[in-house]
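Below are the chains, spelled out letter by letter.
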Amino acid sequence: MDLKKLANTLIPDTDLLPLEKYEEIYPPRNLPRGAEVTRLAPSPTGFIHLGNLYSALADERIAHTTGGIFYLRIEDTDEKRRVEGAVESVIRSLKYFNVNFDEGAEIDSPLNKYGPYYQRQRASIYRAFAKDLIERGLAYPCFCTEEELNKVREEQTAKKLITGYYGEYAKCRNLSEEEIYSNLSAGKPFVIRLKSQGNTANKLTFRDRIKGEITVTENDQDVVILKSDGIPTYHFAHAIDDYFMRTTLVIRGEEWLSSLPVHIELFKVLGFPMPAYGHTCSLMKVDNGTKRKLSKRKDPELSLDYYRGEGYYPVAVVKYLMTILNSNFEEWERKNPSADYTQFKFTIEKMGRSGALFDLDKLNDISKTELSKLSAEEMYAFLNSWVQEFGSDADRAHFADSNYIISILNLIMGIGGKKRRKDIERAKQGVALIAYFFDDTFAPVYEYRFDKDTVNGVLSSFAAAYDPADDNQGWFAKVKAVAAEHGFAAEMSEYKANPSAYKGSVADVAEILRIAVTGMPNSPDLCTIMGILGPERCAKRLASAMEK
Ligand code: GLU
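Procedures and definitions
- Residues numbered from 1 in each chain as written.
- Predicted model: local features only at pLDDT ≥ 70, side-chain atom pairs only at ≥ 80, totals over all residues.
- Heavy atoms only, no water.
- Helix = DSSP H or I, 4+ residues; strand = E, 2+ residues; numbered from the N terminus.
- Rg over C-alpha atoms; globule rule 2.2 N^0.38 Å.
- Buried < 20%, exposed > 50% of the residue type's maximum accessible area, 1.4 Å probe, protein only.
- Phe/Tyr/Trp six-rings, centres within 6.5 Å; stacked < 30°, edge-to-face > 60°.
- Lys NZ or Arg CZ within 6 Å of the ring centre and 35° of its normal.
- Pairing = 2+ DSSP bridges.
- Contact = heavy atoms within 4.5 Å.
- Axes fitted to C-alpha atoms, helices over the stretch in contact; angles between N-to-C directions.
- Right-handed = clockwise from strand over helix to strand, strands pointing away.
- Parallel < 35°, antiparallel > 145°, perpendicular 65-115°, else oblique.
- Nonpolar A, V, L, I, M, F, W, Y, C, P; charged D, E, K, R; others polar.
- Near = heavy atom within 4 Å.
- Polar contact = N/O pair within 3.5 Å; in protein donor to acceptor, adjacent residues only side chain to side chain.
- Areas by Shrake-Rupley, 256 points an atom, 1.4 Å probe, with all protein chains shown as cover.

*Asks:* Kindly report on the overall build of the chain, identifying the contributing residues and their values.
*Replies:* When helices and strands are counted, the chain shows 23 helices and 15 strands. Taking 24 Å as the expected radius of gyration for a compact globule of 548 residues, we find that the chain reaches 33 Å, considerably beyond that expectation. Projected onto the principal axes, the alpha-carbon positions of the chain cover approximately 110 × 55 × 40 Å. For the chain, with 548 residues in total, the buried portion stands at 51%.

Here it is, written out as structure tokens:
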């Protein structure tokens, strides 16, 4: 068969360069020894998830701790799944978590010398290499219809054979020249398939940077390399791109492990050395006592938008992911509590080999701890940025008064006290936590453990006695006096010694006041809260609590 003629007929493009030219256009990168070039290669589907952040963080840390490059490539070969604005959303979402690209799609950088970074714009490179494979007898056109392929799959399934296009099932592999040209002149659509040279009887040893040594079976599938629209499949495109973009390390999900034999063969026939690969394990969660993969449908926490919407503190999410990415991160962090996580020596070898367990409770814990390290001003800035994007109109109006919010935060966070409090977990919850300081969002639940007369008696005596000029001690002396006046023990010790002699203790009186003023039975120091609210608001709240 005249393979040159066949290649020219199948790929008649006039814009293809001689293959050596691509070597010149994309020369090896000039980087220090040991520098790793990593990439994130998402499809622009608009759904950016925790798994993306998880591997992007590993990519970013490895590139930046070795003096390398981390770039963004958009794998947009599937036009149907493309969503407008998805690329910007990937960049924005990752930036929120301090994961920044050095180079790539939509990144403004002088380093952008290995583009275009959108696969659709690289069609001529893939087609040039596909054409070369046809010329070398390593690829061929396949005219099988979807229907025919389904039939073959059914037959293979019935015979309990491996499904796919291989061996005797690779019908178009052995088409004669006449058959090919007659199909072409009949206008039949075709794909280009690899003519696999492999044999499944052969086993190969592969060193995965995360999983360690693994044994893989040689590929014998004639996989599609160019689809009928002339656009490459992931397999073919990624091999060419990772070679010409001079990637040294591919970190990707373990769902790609099964395609590894195909990729090994593609690199071989293309004549490219393979980059190193590290296959990350899937993120799992415990659900009803059993471990399962995080799912897009069932778990909102899989989407990165969830973390921004809930107002997670980005450093906390990153630190949490670091704890699952590198088993020694937690210990390092314990020894270096105030160090920035970027000082940690991240290594791919310490990444887990099997199912990484994602635990939202642990993330919440880390988040509380991280937020408790902020000053009131920093917390204000963090909450305010969330409020501006995700808060209600009422929230935005409240946050216009920064002094008032900062005084609330000083109290809530226990700043200046003996122990910092860890009540704020994320912005959404933090903003809700301070809602009672504002009249329009004050939503009291008046549930007392005492009868209405007792409650009203306590409230009216305290309203009459309250003086905003009192210090904490003076304030508490008044609460005690009110307690004694209404049949409660003014001292805890008196109450404990003889509980049946009293309605309750001074603590119960404080609880009544707390419910009236804050709408809840638990809050930080009530005297300080009343100071922040101011005498007018306090008087109003005590009065309306008596009416209800
Ligand atoms: N586009 C592929 C994906 O989104 C990328 C896999 C890879 O990183 O090579 O799964």
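There is more to say, and it comes next.
*Asks:* Now, about the packing of aromatic side chains: what can you tell me, with residues and values included?
*Replies:* The geometry of two aromatic rings is summed up by the distance between their centres and the angle between their planes. In total, this model carries 33 aromatic pairs according to the counting rule given. A ring pair is formed by Y22 and F129, whose centres lie 5.9 Å apart and whose planes are at 45°; its orientation type is tilted. Here the residue Y22 occupies a position in helix α2 (residues 19-25), and F129 occupies one in helix α5 (residues 123-135), the gap between them amounting to 107 residues. With respect to class, Y22 is no different from F129; both count as buried. Seen from the ring of Y243, R246 lies directly overhead, with NZ or CZ sitting 4.6 Å from the centre. A cation over an aromatic ring shows up here: K296 above the ring of F47, its NZ or CZ 4.5 Å from the ring centre.

*Asks:* Account for the sheet that holds strand β1 (residues 37-40), naming residues and giving values.
*Replies:* Across the sheet, three strands lie side by side as β1-β2-β3; this open sheet has parallel pairing. Edge strands, defined here as strands with exactly one partner in the open sheet, are β1 and β3 (103-104). Bridge analysis of β1 against strand β2 (residues 69-72) gives four bridges, and the strand direction is parallel. Each residue of the ladder has a partner; that of L40, found in β2, is L72. Contacting β1 and β2, helix α3 (residues 50-65) runs over the sheet at an angle of about 160° to β1.

*Asks:* Before we move on, can you summarise the pairing of strand β9 (residues 249-253) with the specific residues and values?
*Replies:* With five of five residues buried, β9 lies mostly within the body of the structure. Handedness of the β9-helix α9 (residues 260-270)-strand β10 (residues 276-280) crossover: right-handed.

*Asks:* How would you sum up helix α8 (residues 234-244)? Please name residues and give values.
*Replies:* Residues separated by three or four positions in an α-helix point in the same direction, a consequence of the helix having 3.6 residues per turn. For α8, a buried count of 11 out of 11 residues is recorded, marking the element as mostly surrounded by other parts of the structure. Taken as a whole, α8 has its buried residues at Y234, H235, F236, A237, H238, A239, I240, D241, D242, Y243 and F244.

*Asks:* Describe the packing of helix α19 (residues 472-485) against helix α21 (residues 506-518), with residues and values.
*Replies:* Interhelical geometry of α19 versus α21 gives an angle of 105° and a closest axis separation of 9 Å. As the angle between them shows, α19 and α21 are arranged roughly perpendicular. The residues of α21 that touch α19, namely those facing F476, V479, K480, V482 and A483, are V506, V509, A510 and L513. Residues belonging to the contact of α19 with α21 are distributed by class as follows: eight nonpolar, no polar and one charged.

*Asks:* Before we move on, could you go through the site of the ligand and cite the residues and values that matter?
*Replies:* Taken together, R39, A41, S43, E75, Y234, R252 and W256 form the complete shell of residues around the ligand. A distance of 2.7 Å separates an oxygen atom of the ligand from a polar side-chain atom of R39. Y234 is positioned such that a nitrogen or oxygen atom in its side chain is 2.4 Å from an oxygen atom of the ligand. The protein chains hide 80% of the 300 Å² of surface that the ligand would expose on its own. The residue inventory of the shell around the ligand, partitioned by class, reads three nonpolar, one polar and three charged.

*Asks:* Which residues make up the sheet that holds strand β13 (residues 356-357), and what values do they have?
*Replies:* If you walk across this open sheet you meet the three strands as β12-β11-β13, and the pairing is mixed. Edge positions in the open sheet fall to β12 (290-293) and β13, since each of these has one partner strand only. Here strand β11 (residues 283-287) pairs with β13 via two bridges, running parallel. What sits directly across from L283, in β13, is A356.

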